[in-house]
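The chain contents come next:
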Amino acid sequence: MTGPRPRIRVLWPRLWLPLAAWVLTLVLLLGLWIAVERKIWGTWPPPLSLHYLHLIRAVIVALATSVVASFFVYRIKKSGMAKDEHLTRLWGAFEHSTDAILLADLQGRILELNQAFTRLFGYTREEACGNTTRILRSRWSTNEFYQAMWQSILTRNEWKGEIVNRAKNGGEIPVWLSITPVIHGGVNIGYMGVEIDMREKKDLERRALEAERLAAVGRLSSQVAHEVRNPLSLALSALATSCT
């Protein structure tokens, strides 16, 4: 409830101060016009026919109206340009993100995707849009897994977790997937999925696990060698004692 108030306080002066300036200018111009007519005719209104007087006043009103209309057209156009610039920045952030992003409707049909999605999974915008997200389903994603995922989306409005998706070439890619709803006018109109490539992390984890296993084997071998060496040393010592 407190969020929009500072914005209203900022926008009202921006809108009404220029308008008040234009109105004041028009009033001053009208006063100057009346002063000139008083100077010329010595009275107000001037002793002219009503038709001619109304014609002059109509011209003045038309000019004033055109000035005010031009002002509002300028403000509307400037506001539209600001919105277009804002949308351009948002589209640039979406398109050039290093993480794969897709937008889907409520039925799971892909509506839009970015360049990182194409690089990660191999599907172009033309190939993926119109299909459901099932084109990414791998053999590791069971029906129970998807049921739990959608249950979380419907109840908590989000899902985050690790999943293995299938690329266009059939390869399986582990990703960290975050799904959030797209809200417009207070209504959920679709979903956005952000997928982070986990292959490098998985490779590092595999290498660390292999190094740990090798270290464990080395420790075990050392312990076995130590255990074998001790009885042999005792036997040799006993043999040397008996010979002497």
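All values reported here derive from a predicted model rather than from experimental measurement.

A count of helical and extended segments in the protein chain gives 6 helices and 5 strands. Listing each helix as α and each strand as β along the protein chain from the N terminus yields α-α-β-β-α-α-α-β-β-β-α. The buried share of the protein chain, taken over its 244 residues, is 20%. The long-range fraction of contacts in the protein chain, counting pairs at least 24 apart against all pairs at least 6 apart in sequence, stands at 39%. Of the roughly 17,900 Å² of accessible surface on the protein chain, a fraction of 65% belongs to carbon and sulfur atoms.

The next point concerns the environment of alanine 64. On the secondary structure map, alanine 64 appears in helix α2 (residues 50-95). Since its relative accessible area comes to 21%, alanine 64 is described here as partly exposed. When the C-alpha positions of alanine 64 and valine 23 are compared, they lie 9.2 Å apart, and in sequence the two are 41 residues distant.

This brings us to the nonpolar core. Ranked by internal contacts, the top residues of the largest apolar core, which has 23 residues, are Phe117, Phe121, Tyr123, Leu136 and Met149. Where this core is concerned, the elements lending two or more residues are β1 (100-104), β2 (110-113), α3 (115-121), α5 (143-156), β3 (159-166) and β4 (172-184). Here this core gets 4 residues from one element, more than from any other, and that element is β4. Setting aside chain neighbours within four positions, we find tyrosine 123 in contact with Leu113, Phe117, Thr118, Ala128, Ile135, Leu136, Arg166, Ala167 and Lys168.

All right, on to the environment of glutamate 126 then. Considering the arrangement of structural elements, one finds glutamate 126 in helix α4 (residues 125-128). Given a relative accessible area of 67%, glutamate 126 falls into the exposed group.

Here we come to the confidence of the model for the protein chain. Mean pLDDT over the protein chain works out to 77, with 69% of the residues at or above the 70 mark. Of the regions scoring below 50 in pLDDT, residues 1-12 engages in 1 contact with residues more than four places distant in sequence or in other chains.

Below, the discussion takes up the pairing of β4. The side chains of a regular strand alternate, first on one face of the sheet and then on the other. Bridging between β3 and β4 involves 8 bridges; their strand directions are antiparallel. Across the sheet, glycine 161 pairs through a bridge with leucine 177, a residue of β4. With antiparallel pairing between neighbouring strands as the criterion, β3 and β4 make up a hairpin whose turn holds 5 residues, including glycine 170 at a positive phi of roughly 90°. From the end of β4 to the start of strand β5 (residues 187-197), which pair antiparallel, there are 2 residues, and glycine 185 there has a positive phi angle of about 65°.

At asparagine 157, a residue that is not glycine, the phi angle is positive and equals roughly 60°. If you trace the backbone, asparagine 157 turns up in the loop between α5 and β3. The exposure class assigned to asparagine 157 is partly exposed, which follows from its relative accessible area of 44%.

Quick notes on the rules
- Residues numbered from 1 in each chain as written.
- Predicted model: local features only at pLDDT ≥ 70, side-chain atom pairs only at ≥ 80, totals over all residues.
- Heavy atoms only, no water.
- Helix = DSSP H or I, 4+ residues; strand = E, 2+ residues; numbered from the N terminus.
- Buried < 20%, exposed > 50% of the residue type's maximum accessible area, 1.4 Å probe, protein only.
- Contact = heavy atoms within 4.5 Å.
- Areas by Shrake-Rupley, 256 points an atom, 1.4 Å probe, with all protein chains shown as cover.
- Core = buried A, V, L, I, M, F, W, Y, C linked by side-chain atoms within 4.5 Å.
- pLDDT = per-residue confidence, 0-100.
- Pairing = 2+ DSSP bridges.

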